[in-house]
Amino acid sequence: MSVSAVTVQRPTPPVPNMPTLIQSFQTYLQTQTRLSPASIKNYLSDLNFFLGFVKTSFQQQDLKLAHLSPAAFSNYRQHLVNQLNSTDSGSASGLSLATANRRLSALRHFGAFLKQTNLLDTNPALALPNLDALNLKSQPAAITLTQRQILRHYSRFLKHEKLSSSTIKNYLSDLNQYLLWAQKTYKTTENKLSSRSS
C-alpha cells in the first residue's frame, strides 16, 4: 500500500469585477482607515481616474487584476508628472500638485487594500512616492502607448525564450530606460534643429 502526498494550496479569492472591487475598496476605506467621508469620496474618484488611465493604456474595456501591476502604478505617476508639467507650460489640465499627490495617496491605499484582501500577492503601490515640486521638470517624459506596446511585445518574447522572471524584469527595465532616454534625446535634437531653421 502506498501513501501519496497531498499538496495543500492556498485558496485564491475570486477575481471581482471592477464595480465590485471599487465597492469593496470603499468599504475598506470606511472600516480600515480614519479618512473622512469627503476624503473617501475623493479617493474613489481618484481611483476611477487611475482605472481609466489603465484601460486606455492596455486598450481594454474589462480590466483584470494582472493589469494592476507596479508598472501601471508607476506609469500613472509619470502621467501625473506630465499633466503638471503641461499645466506649467500653459495647458488647461487643471491639475495641482496637491491633487496629484492625493491621487497617489489614494493609490497607495488601493495597493494596500489589494494586498490585505489577498487579491494580489504584493502591494503594487509600495514604491509610489509623492511628487516634489522642485523635481517635476527633471522628470523624463512619459512612455507613449506605442512604447508600452513595444515593452509588452518584448516581454512576451522574453517569456517565450523561457528567461527567468528576474532577467525579464531587468531587461524590461533597461529597455524602458532606453526608450525614455531616446524620447528625451529626440525631442531635444528636434528642438535644436527647429530653432536653427527659424
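Structure report, in brief. Note that the structure is predicted; figures quoted are calculated from it, not measured.

## Things to note about helix H2 (residues 37-58)
Counted at 1.5 Å a residue, the expected span for H2 with its 22 residues is 32 Å, and the 32 Å between its end C-alpha atoms agrees. When H2 is considered as a whole, its buried residues turn out to be Ile40, Tyr43, Leu44, Asp46, Leu47, Phe50, Leu51, Phe53, Val54 and Ser57. Directly after H2, the chain includes Gln59, whose backbone phi takes a positive value near 50 degrees.

## Regarding the side chain of Ser155
Positionally, Ser155 belongs in helix H5 (residues 145-160). Judged by its relative accessible area of 12%, Ser155 falls in the buried class. If we skip the residues at most four places from it in the chain, Ser155 touches Ile168 and Leu172.

## So, the nonpolar core
Of all hydrophobic cores here, the largest spans 37 residues; its most connected members are Leu21, Phe50, Leu68, Phe110 and Leu114. Every element with two or more residues in this core is listed here: helix H1 (18-32), H2, helix H3 (70-88) and helix H4 (97-116). For Phe110, the residues in contact, after removing those within four places along its chain, are Leu21, Phe25, Leu47, Leu68 and Phe73.

## Points about the pattern of salt bridges
Evaluated as defined, the whole model comprises 2 salt bridges. Arg102 is paired through a salt bridge with Asp46; the nearest N and O atoms lie 2.7 Å apart. Of this pair, Arg102 sits in helix H4 while Asp46 is found in helix H2, placing the two residues 56 residues apart along the sequence. A salt bridge links Arg103 to Asp46; the nearest nitrogen and oxygen atoms lie 3.5 Å apart. With Arg103 in helix H4 and Asp46 in helix H2, the pair connects residues that are 57 residues apart, well separated along the chain. Comparing Arg103 with Asp46, the two get one shared label, buried.

## Structural notes on the packing of H1 against H2
The angle between the axes and the distance between the axes are what describe a pair of packed helices. Relative to each other, H1 and H2 sit at 150 degrees, their axes nearing to 10 Å. Between H1 and H2, the interaxial angle falls into the category roughly antiparallel. For the pair H1 and H2, the crossing hand works out as right-handed. Of H2, the residues touching H1 (which contributes Met18, Ile22, Phe25, Gln26, Leu29 and Gln30) are Ile40, Tyr43, Leu44, Leu47, Asn48 and Leu51.

Cut-offs applied
- Residues numbered from 1 in each chain as written.
- Predicted model: local features only at pLDDT ≥ 70, side-chain atom pairs only at ≥ 80, totals over all residues.
- Heavy atoms only, no water.
- Helix = DSSP H or I, 4+ residues; strand = E, 2+ residues; numbered from the N terminus.
- Expected span 1.5 Å × (residues − 1).
- Buried < 20%, exposed > 50% of the residue type's maximum accessible area, 1.4 Å probe, protein only.
- Contact = heavy atoms within 4.5 Å.
- Core = buried A, V, L, I, M, F, W, Y, C linked by side-chain atoms within 4.5 Å.
- Salt bridge = Lys/Arg side-chain N within 4 Å of Asp/Glu carboxyl O.
- Axes fitted to C-alpha atoms, helices over the stretch in contact; angles between N-to-C directions.
- Parallel < 35°, antiparallel > 145°, perpendicular 65-115°, else oblique.
- Left-handed = near helix turned anticlockwise from the far one by under 90°.

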